[in-house]
Amino acid sequence: MTAKTIDGKAFAAEVRAKVAEHVARLKEEHGITPGLAVVLVGEDPASQVYVRSKGKQTVEVGMASFEHKLPAETEEADLVALIDQLNADPEVHGILVQLPLPSHLNEDLVINRIDPAKDVDGFHISNVGRLATGQKAMVPCTPLGCLMLLREELGSLSGRDAVVIGRSNIVGKPMAQLLLGDSCTVTIAHSRTKDLAEVVRRADIVVAAVGRPEMVPGDWLKPGATVIDVGINRVPGDKKPRLVGDVEFASAREVAGAITPVPGGVGPMTIACLLANTITACCRANGLIEPEGLTA
Ligand code: NDP
């Protein structure tokens, strides 16, 4: 049986439509326009593409977008001063500092300067702690997107065996916390895991967030498993480089029950969840009820 392909692009469009609906309602009923500030330091080409795409989608859902582009040699004190200014600005409900920062800047210090209530990337240490202790948090966008896809595909995740491959602070660890929050039995695998194939074979849910092209072949999977492939890897193609995930799609779809493609799976969910987090932050800041289905 061939697995269902989980259409992340279509689901991300649904999430954005839901966000846009709530933005319109906030404007109409409360006179509030949710605002997202994105700070980019330096000229990293990939970061510039992401920031442009974030700004465009922010405006498309009716939110205010504030872009702050600073030169690569910006001093820490100046970046911190900008964050303080955004923290105090009532028109800004979400703040995102595009990573990575130039190496002379201390990323932890900068991220932890953001007001946790406006930390739409969910990287502030207080949000990390809140997520780990099951309190209301701002949740990192990529794992939140994966969780939404899993809930949409499977309904309740309770009692399912889940394996997260990768233990980064951005994807692997928060993903594991979210799955635990939904009552999965969670295993976190990493580069020192012994017999990864055997660990993966036990799982009803596999989330691969490694960054190694097609490292998970189909014969590692439990038949019928749901596979979420976070990896984005550029490999040589016939004419130009092509993108592949951490899972070998062709063999995996012969065994899995459902699987996200790369591209078009998790990728589009990340910005959609950034917008979802911004509306959540805006509602919380104004003491309003949060939209359903857009948070963990
Ligand atoms: P990191 O490099 O920070 O983490 C990779 C993790 O994979 C580490 O925990 C590492 O283990 C583990 N790992 C490495 N080799 C192996 C192996 N052979 N077996 C098992 N585990 C291994 O990456 P990120 O978490 O930031 O990103 C992971 C992937 O997801 C990348 O391809 C990235 O591009 C993509 N990504 C996609 C996003 C999207 O929007 N779709 C957003 C963010 C990331 P150890 O800790 O032991 O070193």
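Residues numbered from 1 in each chain as written. Predicted model: local features only at pLDDT ≥ 70, side-chain atom pairs only at ≥ 80, totals over all residues. Heavy atoms only, no water.

Chemist: Give a detailed account of the packing of helix H1 (residues 8-30) against helix H6 (residues 141-154), specifying residues and quantitative values.
Modeler: H6 packs onto H1 with a crossing angle of 100° between their chain directions and a minimal axis gap of 11 Å. As judged from the angle between their axes, H1 and H6 are roughly perpendicular. Of the residues in H6, those in contact with Gly8, Phe11 and Val15 of H1 are Met148, Leu149 and Glu152. Along the lines of polarity and charge, the residues of the contact of H1 with H6 split into four nonpolar, one polar and one charged. (Axes fitted to C-alpha atoms, helices over the stretch in contact; angles between N-to-C directions. Helix = DSSP H or I, 4+ residues; strand = E, 2+ residues; numbered from the N terminus. Parallel < 35°, antiparallel > 145°, perpendicular 65-115°, else oblique. Contact = heavy atoms within 4.5 Å. Nonpolar A, V, L, I, M, F, W, Y, C, P; charged D, E, K, R; others polar.)

Chemist: Summarise the side chain of Asp246; cite the residues concerned and give the values.
Modeler: Among the structural elements, Asp246 can be located in the loop between strand S10 (242-244) and helix H9 (249-252). As a buried residue without a salt bridge, Asp246 has its nearest oppositely charged side chain in Arg212, at a separation of 7.7 Å. Leave out the neighbours within four places in its chain, and Asp246 touches Ala208, Ala209, Val210, Gly211, Arg212, Glu214, Met215, Val216, Asp229, Gly231 and Asn233. (Buried < 20%, exposed > 50% of the residue type's maximum accessible area, 1.4 Å probe, protein only. Lys, Arg positive; Asp, Glu negative; His and termini not counted. Salt bridge = Lys/Arg side-chain N within 4 Å of Asp/Glu carboxyl O.)

Chemist: Summarise the pattern of salt bridges; cite the residues concerned and give the values.
Modeler: Counted according to the given criterion, the structure contains 10 salt bridges. A salt bridge links Glu67 to Lys69; its shortest N-O distance comes to 3.6 Å. Overall, the relative accessible area of 57% leaves Lys69 in the exposed class. Between Arg113 and Asp84 there is a salt bridge, and its shortest N-O distance comes to 2.8 Å. Placement of Arg113 in the loop between helix H4 (107-111) and helix H5 (125-132) and of Asp84 in helix H3 (residues 76-88) is noted, with a sequence separation of 29 residues between them. On the basis of relative accessible area, Arg113 is assigned to the partly exposed category, the value being 40%. Judged by its relative accessible area of 30%, Asp84 falls in the partly exposed class. Residues joined by salt bridges that share partners form a network here, namely Lys136, Arg284 and Glu290.

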